[in-house]
Amino acid sequence: CLWRARQLDEEAAIFLEDDARLFENSTQEFCDVNKRGELLSKLPSDTFLAFLGGHTWSYEDSAVPYRKVRNSYGTYGFLVPRYSIDDFHAALTHGLLHGSKDRKQNVHHNSLDPEPTFYRAAREYRKKIYAFNPLVIWHEGGYSNTWGKVRGNITGLETKKQGIKVSSGMTNTTHKISVNSGHQRAVQENDSKRFQGVATKCAFCEGERGIPNLDLVVPRTGGNTCGSIKSMAAGEINGSIMCATLQKEENVCCPRPYSPTKTIFVISLQGTPGAHESNNGRLDLFKEKWQIACGSSSASTNIEHCPAPFDKRRGYGLTQAWIFCLWRARQLDEEAAIFLEDDARLFENSTQEFCDVNKRGELLSKLPSDTFLAFLGGHTWSYEDSAVPYRKVRNSYGTYGFLVPRYSIDDFHAALTHGLLHGSKDRKQNVHHNSLDPEPTFYRAAREYRKKIYAFNPLVIWHEGGYSNTWGKVRGNITGLETKKQGIKVSSGMTNTTHKISVNSGHQRAVQENDSKRFQGVATKCAFCEGERGIPNLELVVPRTGGNTCGSIKSMAAGKINGDICATLQKEENVCCPVP
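Residues numbered from 1 in each chain as written. Predicted model: local features only at pLDDT ≥ 70, side-chain atom pairs only at ≥ 80, totals over all residues. Heavy atoms only, no water.

Undergrad: So, the pairing of strand S22 (residues 401-405): which residues are in play, and what are the values?
TA: With respect to burial, S22 is a largely interior element, five of its five residues being buried. Judged by which residues are buried, S22 turns out to be covered on both faces: Gly401, Leu403 and Pro405 on one side and Phe402 and Val404 on the other are all buried. Where strand S17 (residues 336-341) meets S22, five bridges bridge the pair, whose relative direction is antiparallel. Considered in S22, the bridge of isoleucine 338 is made with leucine 403. The pairing of strand S19 (residues 371-375) with S22 spans two bridges and is classified as antiparallel. Counted as the bridge partner of alanine 374 is leucine 403 from S22. (Buried < 20%, exposed > 50% of the residue type's maximum accessible area, 1.4 Å probe, protein only. Helix = DSSP H or I, 4+ residues; strand = E, 2+ residues; numbered from the N terminus. Pairing = 2+ DSSP bridges.)

Undergrad: How would you explain the packing of helix H4 (residues 85-98) against helix H10 (residues 316-332) if you had to name every residue and give the values?
TA: At a closest axis distance of 12 Å, the pairing of H4 and H10 adopts a crossing angle of 160°. Between H4 and H10, the angle is such that the two are roughly antiparallel. The handedness of the crossing between H4 and H10 is left-handed. Contacts between H4 and H10 pair Ile85, Asp86, His89, Thr93, Leu96 and Leu97 from the former with Gln320, Phe324, Trp327 and Gln331 from the latter. (Axes fitted to C-alpha atoms, helices over the stretch in contact; angles between N-to-C directions. Parallel < 35°, antiparallel > 145°, perpendicular 65-115°, else oblique. Left-handed = near helix turned anticlockwise from the far one by under 90°. Contact = heavy atoms within 4.5 Å.)

Undergrad: Can you tell me about the sheet that holds strand S25 (residues 452-456), naming the residues and giving the values?
TA: As summarised here, the arrangement of the eight strands in space is S16-S15-S17-S22-S19-S25-S21-S20, forming an open sheet in which the pairing is mixed. Each end of this open sheet is capped by a strand with a single partner; those strands are strand S16 (302-307) and strand S20 (379-383). Averaged over all adjacent pairs, the angle separating strand axes in this sheet is 35°, with direction ignored.

Undergrad: Provide a residue-level description of the pattern of salt bridges, including the pertinent values.
TA: This model, assessed by the stated rule, comprises 19 salt bridges. Between aspartate 342 and arginine 282 there is a salt bridge, and its shortest N-O distance comes to 3.1 Å. Taken as a pair, aspartate 342 in the loop between S17 and strand S18 (344-346) and arginine 282 in helix H9 (residues 282-294) lie far apart in primary sequence, 60 residues in all. The class of arginine 282 is buried, set by a relative accessible area of 7%. For glutamate 335, the salt bridge identified is with arginine 406, shortest N-O distance 2.9 Å. In this pair, glutamate 335 sits in the loop between H10 and S17 while arginine 406 sits in the loop between S22 and helix H13 (409-422), placing the two residues 71 residues apart along the sequence. The exposure class assigned to glutamate 335 is partly exposed, which follows from its relative accessible area of 23%. Each member of the salt-bridge network shares a partner with another, and the members are Asp9, Glu11 and Arg82. (Salt bridge = Lys/Arg side-chain N within 4 Å of Asp/Glu carboxyl O.)

Undergrad: Pulling in residues and values, what's your account of the sheet that holds strand S9 (residues 128-132)?
TA: An order of S1-S6-S3-S9-S5-S4 is seen for the six strands of this open sheet, with the pairing classed as mixed. Of all strands in the sheet, those with a lone pairing partner are strand S1 (12-16) and strand S4 (55-59), marking the two edges. If you compare each strand with its neighbour and ignore which way they point, the axes differ by 40° on average. The pairing of strand S3 (residues 47-51) with strand S6 (residues 77-81) spans two bridges and is antiparallel. Bridged to phenylalanine 51 within S6 is phenylalanine 78.

Okay, here's the thing in structure tokens:
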């Protein structure tokens, strides 16, 4: 939802849990958007976040309308001011990637405690955490998803004079929780005066350049012109869904000035706790080989590490990494977000065009305006044409290199997020929650947004063989080079081809063969609950595995080889087939 907050670009992102309730005396001031805006205008400029409610407070002062907080519990209501959203996002992402520290500095990877993360991040960014004074919301009792049990009402109202120290924060307090207009309310102190804000109309092409051609017909809008869309926008409110939909056409009606794509995001598990040992040094190797291939042109490209969290479910870590780095891409606001995996390598004939940022920019300027994404490499292609430099693709496999143009980043982010929340459909429309297959998601999203997927022609990168984190085994080189005339149908995309893979101008060259520096040896299947008793209950849900059952874990194990991932799966044998 921080992504959506960035799109809305309001003064603050306000987060409430669905069991948060307004105190009675807060309704008049907090329900009205103008009065709420006035209150937010009083936020101190060093605010990291401000709690609307919580409990077990340790305050630093008793200031109104915001008091500094040293420590607290409860995240059922808070806001993050616009100027702290990037810092807040970075703190959350760090926790997902590296685990969270408790107040004793112990690191946990099986649970995330947000409150210590919030207070630690505030200190690191030299900002403060505040609480509304008086508090705005309380927490209604019921089943807690966090704690897996029923909990009572939590008000966070103070038990000491002026509330300077600590609140009880628990249930059965003497404070009256009444019902007004059919909703539970709680009586608290009188609220202070609020300021006012004004809802703004939907902005469309408001920059200095305006709309060069009001009569330009915008594709896929039923014949609407830039002028008619601007008129429609004038009748909408900024931040509404309709406004956001209309604003997507700004890339046609008032395209922003060209911004060179200097950055390449490299997905890598190097440094990620729990990752397979083969990931050690892979990002460093990518940078080394990029520099060798590009020579002096390599200096014009910024290579940014796109860290992937370790997730046993296939495709989930990769999807989260893309989402993390799309945030950074939004900040950079370049023409496209380029994603490579750390085992992607440049074809020799691509180095001159793709290494230099200016020549790369010329190539990207030729992207069709309906591009959802463009693959730099892949395999098992089903092309629709043989156009140059981009050919339409009906289907393919491999996500080790692609780019998303700036005007499709929001749509791409929405497609990835939907997969994380609702699972992914395979090509037979079966929904999976234990694995995410990105390619079907990409092609389905492109159709839904009435856009196209393209592939560079010729291809720019190939995939170097080695241990695959996706498949949990060693795989060979994958080139995606065609086996049929003009490459209109399908490539073999596998190893041991006769195509020469080189880097450039006398630098390191490699012939497609298994890399002797990679993991070698005879692989055996991962054994899971192979004893006489087998698995008594295949449908048993295994705790802390994201909803996996004993049956699904056994299926995953069947596709793995003995090693780190197998050992992780085998830890669940004590649940699925406990030893008598």
